[in-house]
Amino acid sequence: MTDQAKALTVHFLTATGAVFAMLAMLEAIQTDWAMMFVWLIVAFAVDGVDGPLARHYHVKKNAPQFDGVLLDLIIDYLTYVFIPAYALYASGLMDGWSGWVAVIVITYTSALYYCDTRMKTADNSFSGFPGCWNMVILVLFAVSPSWQVCLGIVAVLSVAMFLPVKFIHPVRTDRWRIVSLPVALAWTVFAGFAAWEGFEPVPVVLWGLVGTSVYLLVAGAAQQVLHGPDG
């Protein structure tokens, strides 16, 4: 297989995320939230591997006819933002006026963030909360907090998108990657089990999901505190 064919294959892999997004949306329309999140987790797993593959096979050089960054952002907006926001409202976890506020705030602020040229830091982390609403909302489904708590989380994270607070990329951020990458993989496993169990997970899965989520949420800020603003 030529280098060009390998690079094209990576683009084709990335594009499968659009199919998984559609499968997730179809499950959401049927209010099968567990299967919706299963497909979103599959899309999340693809998103985790296509980046390293793209860099390994030099897709910008060997398959420049497709813009992999743009393709990735389009799919990420669907799977990380749009579909999870719909689920948050339509599931009843946040309905009425609070649900309307949540979906409007999430989709609007995320659209702005995804086109912000300052979203990446020098160490390949994210500047501000990177709009990973799929992860946040999956945890909310598992924990089932009150709508007031959900609204507070949505408000805080939406503001955090535009604050100079670092959030790690588990694959690309070098610092603590020896811990961050296994934690991200563990989160994926816990999330898969939680969705598969209809969001009534056994305690070890629930606490594993919460614990790995907290680490991924605060690790970047902890690095800034311990190693300075550029840490």
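From a predicted model like this one, the values you see are computed outputs, not experimental measurements.

Draft legend 1. Expanded view of the overall build of the protein chain. A tally of regular secondary structure across the protein chain gives nine helices and two strands. Reading the secondary structure of the protein chain in the N-to-C direction produces α-α-α-α-α-β-α-α-β-α-α. Its C-alpha atoms give the protein chain a radius of gyration of 17 Å, within 12% of the compact-globule value 17 Å for 231 residues. Across its three principal directions, the C-alpha atoms of the protein chain cover 50 × 45 × 35 Å. For the protein chain, the residues scored as buried account for 43% of the 231 residues in total. Partitioning the intrachain contacts of the protein chain with sequence separation of at least 6 by distance along the chain shows that 77% fall at a separation of at least 24. Total accessible area computed for the protein chain in this model is approximately 11,700 Å², and 71% of it derives from carbon and sulfur atoms. Across the protein chain, the centroid of the 10 positively charged side chains sits 15 Å from that of the 15 negatively charged ones.

Draft legend 2. View of the packing of helix α4 (residues 68-90) against helix α5 (residues 96-114). It is at 9 Å that the axes of α4 and α5 come closest, and there the two elements cross at 170°. What the angle tells us is that α4 and α5 run roughly antiparallel. Side by side, α4 and α5 meet where Leu-73, Asp-76, Tyr-77, Tyr-80, Val-81, Phe-82, Ala-85, Leu-88 and Tyr-89 of the first sit next to Gly-96, Gly-99, Trp-100, Ala-102, Val-103, Ile-106, Thr-107, Ser-110, Ala-111 and Tyr-114 of the second. For the contact of α4 with α5, a count of residues per class yields 14 nonpolar, four polar and one charged.

Draft legend 3. Just the packing of helix α1 (residues 3-29) against helix α2 (residues 33-56), in detail. It is the contact of α1 with α2, at a shortest axis distance of 8 Å, that shows an interaxial angle of 170°. Classified by the angle between their axes, α1 and α2 sit roughly antiparallel to one another. Viewed along their axes, α1 and α2 form a crossing whose handedness is left-handed. Two secondary-structure elements touch here, α1 through Val-10, Leu-13, Thr-14, Thr-16, Phe-20, Leu-23, Ala-24, Glu-27 and Ala-28 and α2 through Trp-33, Met-35, Met-36, Trp-39, Leu-40, Val-42, Ala-43, Val-46, Val-49, Asp-50, Leu-53 and Ala-54.

Draft legend 4. Up close: helix α9 (residues 203-227). Look at α9: 35 Å from first C-alpha to last across 25 residues, which is about the 36 Å you get at 1.5 Å a residue. In the structure, α9 departs most strongly from a straight axis at Val-218, where the bend amounts to approximately 45°. Of all the residues in α9, the buried ones are Val-205, Gly-208, Leu-209, Thr-212, Ser-213, Tyr-215, Leu-216, Ala-219, Gly-220, Gln-223 and Gln-224. On the buried face of α9, the contacting elements are α6 (133-143), β2 (166-167) and α8 (177-196). Among the residues trailing α9, Gly-228 stands out with phi positive, at a value near 95°.

What counts as what
- Residues numbered from 1 in each chain as written.
- Predicted model: local features only at pLDDT ≥ 70, side-chain atom pairs only at ≥ 80, totals over all residues.
- Heavy atoms only, no water.
- Helix = DSSP H or I, 4+ residues; strand = E, 2+ residues; numbered from the N terminus.
- Rg over C-alpha atoms; globule rule 2.2 N^0.38 Å.
- Buried < 20%, exposed > 50% of the residue type's maximum accessible area, 1.4 Å probe, protein only.
- Contact = heavy atoms within 4.5 Å.
- Areas by Shrake-Rupley, 256 points an atom, 1.4 Å probe, with all protein chains shown as cover.
- Lys, Arg positive; Asp, Glu negative; His and termini not counted.
- Charge placed at Lys NZ, Arg CZ, Asp CG, Glu CD.
- Axes fitted to C-alpha atoms, helices over the stretch in contact; angles between N-to-C directions.
- Parallel < 35°, antiparallel > 145°, perpendicular 65-115°, else oblique.
- Nonpolar A, V, L, I, M, F, W, Y, C, P; charged D, E, K, R; others polar.
- Left-handed = near helix turned anticlockwise from the far one by under 90°.
- Expected span 1.5 Å × (residues − 1).
- Bend = angle between axes of the 7 residues up to and from the residue.

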